[in-house]
Structure formats: C-alpha cells, structure tokens
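Each chain is listed here by its residues.
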Amino acid sequence: MNAVAPCPTVTDMNPWMIDNPQVQQMVGSGNAILRVGQPADIAEVVPFLASEAGGWVTGQVIDASGGCFLGPRV
C-alpha cells in the first residue's frame, strides 16, 4: 500500500485558505516552492500510483508537499 502526503492544499477540506490570499501566502512561505499547494499539484500522483506504471512502487509515502517537510528555511 502506498500513500500520498500533501501539505496544506487549497481545497474544501481547508476552507480557511479559500479566497484568503494572506493565509495562502503565510502557509506557502514555509514551502520550498514558496506557495501553497493546489489540487492540480497533487492530482497526477494518485493515478500514477494506481496505474500499471506505478505498479513497482510499493509501501511508500510519496511527499507531494512542495517541500513543506524539508525543515526550516535559513
């Protein structure tokens, strides 16, 4: 079994970020790519893992976070 680990993403599951650019900037500033995640950023990872092409990937947590788990920025 595999898992996808996104960082906070602008979706209905995080309504506090929708239409709130200040919050999105604050959350995104901690990511390596300096922006908050969008559904399209993560959308291609899941079908890849479920496809034949991803069939050899097993028991992994795929970090689809834009780098928010890399540690503090210096």
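In case you missed it, the structure is sitting above this.
Conventions and cut-offs
Residues numbered from 1 in each chain as written. Predicted model: local features only at pLDDT ≥ 70, side-chain atom pairs only at ≥ 80, totals over all residues. Heavy atoms only, no water. Buried < 20%, exposed > 50% of the residue type's maximum accessible area, 1.4 Å probe, protein only. Helix = DSSP H or I, 4+ residues; strand = E, 2+ residues; numbered from the N terminus. Arc of directions from axis to C-beta. Core = buried A, V, L, I, M, F, W, Y, C linked by side-chain atoms within 4.5 Å. Contact = heavy atoms within 4.5 Å.

Colleague: Kindly report on helix α1 (residues 21-28), identifying the contributing residues and their values.
Modeller: Along α1, the residues that are buried comprise Val23, Val27 and Gly28. Angular distribution of buried residues about the axis of α1 spans 125°; they occupy a single face of the element. Across from the buried face of α1, at angles greater than 90 degrees, the exposed residues are Pro21, Gln22, Gln25 and Met26.

Colleague: I'd love a proper account of the nonpolar core, names of residues and values included.
Modeller: Formed by Val10, Met17, Val23, Val27 and Val36, the largest nonpolar core amounts to five residues. With residues up to four places along the chain from it excluded, the contact list for Val23 reads Trp16 and Met17.

Colleague: Now, about unusual backbone geometry: what can you tell me, with residues and values included?
Modeller: One non-glycine residue, Asp19, lies in the positive phi region at around 55°. Residue position: Asp19 is located in the loop between β1 (3-6) and α1. Unusually for a residue other than glycine, Leu34 sits at a positive phi of about 60°. Inspection of the secondary structure puts Leu34 in the loop between α1 and α2 (39-43).

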